Amino acid sequence: MTSTWVEPSNTATALLLLGRGSDPDTERGVECPGDLPAPSDPDLVARATAAKAKLGSKVFVLGHHYQRDEVIQFADVTGDSFKLAREAAARPDAEYIVFCGVHFMAESADILTTATQRVILPDLAAGCSMADMAVLGQVEAAWDTLTELGIAGDTVPVTYMNSSADIKGFVGRNGGVVCTSSNAKRALDWAFEQGSKVLFLPDQHLGRNTAVLEMGLSLDDCVLYDPHKPGGGLTPEQLRDAKMILWRGHCSVHGRFTLESVNDVRERVPGVNVLVHPECRHEVVTASDHVGSTEYIIKTIEAAPAGSAWALGTELNLVRRLALAHPDKQIMFLDKAVCYCSTMNRIDLPHLVWALEELVAGRVVNQITVDADTAYHARVALDQMLALPGADTPPPTVS
């Protein structure tokens, strides 16, 4: 079937289908400008194709689901952050790993690949606001607070994949584990077998949603640790009583969806299925019909029946790509204002072409390296995650 997707004009329907208009209350450093990024010069497509062909099997290009279509077309593999890091590790013959994603993802690829492989990030400014919300000095200070209270020994650190190598290394040094949005419950089940408390880094929403909605803990079992306040802004009693110590961090894209967004789309589209990522706020997740990781969202849409309507609370480039791929379904963005991941979108075609052409010329640019000690302990935490029992949850059957 040929796609019937038409880029919506600035109408009420467009507000529903994709979102239009800027948001004056946008979080600093996160763009919601009212338009998708403009495509790059078409001549760059031919240059990227030629450079990639010259490099042949020496280069392996990874593309995260949130990347622009013009970049995704050159990816050998697409996926979420951990899937891509594992794919890189499974290609030991590829001399260069060009990671079209953000900095922490390229770090994970460097940790999991061989010493002879070189990981390249086309734009070093492609960071992650969530990962930046937990820096090593802050986390070490928080651990010192827990130690002074005598509860560090009962606390297991768990970090989301969306964190820096430094934080993964800290977790590995202190007997913890890395998790993804797909296996967060399994990671927390394991953590509570090791201790009575969890320090969950850096996304408060994934930690809270998993603990309350999947593990049966209460909101009162969770406290929010603010690294910018003495003692995290919590009393010793609150820290001693808590089962989940949540770091004050969030995804700047997923965190912007609101309960109002959910209520609004339900009024506009009777029978709509609201499907959101677990990085969304607790009240958004509880008001939605389905919640799951990026891969879960993709599989759910693929399995959905023709004619069904879906409002997706996740990154805009992915929503747009799914709408184009499934013209038999009504797929819309959950929010009214366009908000893509601005750091992901720094990896555009000009940067990719530059990185590939430099490799053709024998020059390695923007190589991402993790020091040996940090990489070792981060690998300990990643290996612990890989050792977790169980399988990912399959997508729901929607009729």
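First, a word on what this report is: a plain description of the structure on this page. (Residues numbered from 1 in each chain as written. Predicted model: local features only at pLDDT ≥ 70, side-chain atom pairs only at ≥ 80, totals over all residues. Heavy atoms only, no water.)

Within the open sheet, the five strands sit side by side as E2-E1-E3-E4-E14. Their pairing is mixed. Unpaired on one side and paired on the other, strand E2 (77-79) and strand E14 (367-368) mark the two borders of the sheet. The pairing of strand E4 (residues 118-120) with E14 spans two bridges and is classified as antiparallel. In the strand pairing of E14, Val 119 is matched with Ile 368. (Pairing = 2+ DSSP bridges. Helix = DSSP H or I, 4+ residues; strand = E, 2+ residues; numbered from the N terminus.)

The subject of this paragraph is helix H17 (residues 372-386). When the terminal C-alpha atoms of H17 are compared, their 20 Å separation across 15 residues agrees well with the 21 Å that a helix rising 1.5 Å per residue should span. Where H17 is concerned, the buried positions are Thr 374, Ala 375, His 377, Ala 378, Ala 381, Leu 382 and Met 385. For H17, the secondary structure elements touched by its buried residues are helix H4 (81-89), helix H5 (103-112), helix H8 (165-173) and strand E6 (177-179). (Expected span 1.5 Å × (residues − 1). Buried < 20%, exposed > 50% of the residue type's maximum accessible area, 1.4 Å probe, protein only. Contact = heavy atoms within 4.5 Å.)

Our focus in this paragraph is the packing of aromatic side chains. How two aromatic rings sit relative to each other is given by the distance of their centres and the angle of their planes. Taken as a whole and judged by the stated rule, the model has three aromatic pairs. When the centroid spacing of 5.6 Å and the interplanar angle of 85 degrees are considered together, the rings of Trp 143 and Phe 170 count as edge-to-face. Taken together, the residues Trp 143 in helix H7 (residues 136-148) and Phe 170 in helix H8 connect sequence positions 27 residues apart. The exposure class of Trp 143 is buried, given its relative accessible area of 12%. Residue class for Phe 170 comes out buried when judged on its relative accessible area of 5%. When the ring of Tyr 225 is compared with that of Trp 247, the centres are 5.5 Å apart and the planes differ by 15 degrees; the resulting orientation is stacked. In this pair, Tyr 225 is assigned in strand E8 (residues 222-225) and Trp 247 in strand E9 (residues 244-247), connecting sequence segments 22 residues apart. In this structure Tyr 225 comes out as buried when scored by relative accessible area, which is 5%. (Phe/Tyr/Trp six-rings, centres within 6.5 Å; stacked < 30°, edge-to-face > 60°.)

All told, the structure shown has 15 salt bridges when counted by the stated rule. The salt bridge involving Glu 70 is made with Arg 68; its shortest N-O contact spans 3.8 Å. Judged by its relative accessible area of 12%, Glu 70 falls in the buried class. Since its relative accessible area comes to 13%, Arg 68 is described here as buried. Of the charged contacts, one joins Arg 379 and Asp 383 as a salt bridge, the two residues approaching to 3.1 Å between their closest N and O atoms. Pair noted here: Arg 379 and Asp 383 are both in helix H17, with a separation of four residues, about one helical turn. Residue Asp 383 is classed as partly exposed on the basis of its relative accessible area of 35%. One connected set of salt bridges, linked through shared partners, spans Asp 69, Arg 320 and Arg 321. (Salt bridge = Lys/Arg side-chain N within 4 Å of Asp/Glu carboxyl O.)

Moving on, we come to the environment of Val 223. On the secondary structure map, Val 223 appears in strand E8. Sequence separation between Val 223 and Gln 204 is 19 residues, and the spatial gap between their C-alpha atoms is 9.5 Å. In contact with Val 223, other than residues within four places in its own chain, are Leu 234, Gln 238, Ala 242, Met 244, Ile 245 and Leu 246.

The subject of this paragraph is the pairing of strand E5 (residues 155-160). Taking burial as the measure, the six residues of E5 include six buried ones, the bulk of the element. Covered by surrounding structure in E5 are Thr 155, Pro 157 and Thr 159 together with Val 156, Val 158 and Tyr 160, the residues of both alternating faces. The sheet contact formed by E5 and E6 spans three bridges and is parallel. In the sheet register, Thr 159 faces E6, and the bridge partner there is Val 178.

This part is about the pairing of strand E1 (residues 59-64). Burial analysis of E1 places six of its six residues in the buried class, the great majority of the element. The alternating pattern of E1 places Val 59, Val 61 and Gly 63 on one face and Phe 60, Leu 62 and His 64 on the opposite face, and all of these are buried. Here five bridges tie E1 to strand E3 (residues 96-100), and the two strands are oriented parallel to one another. Looking at E3, one finds that Phe 60 is bridged to Ile 97. The sheet contact formed by E1 and E2 spans three bridges and is parallel.

Strand order across the open sheet formed by four strands is E11-E10-E12-E13, with parallel pairing between neighbours. Each edge of the open sheet is held by one strand with a lone partner, namely strand E11 (290-291) and strand E13 (330-333). By the bridge criterion, four bridges tie strand E12 (residues 309-313) to E13 in an arrangement that is parallel. The residue bridging Leu 312 from the neighbouring strand is Phe 333, located in E13. Contacts between helix H15 (residues 316-325) and the sheet are confined to E12 and E13, with E13 contributing the most and set at about 165 degrees to the helix. (Axes fitted to C-alpha atoms, helices over the stretch in contact; angles between N-to-C directions.)

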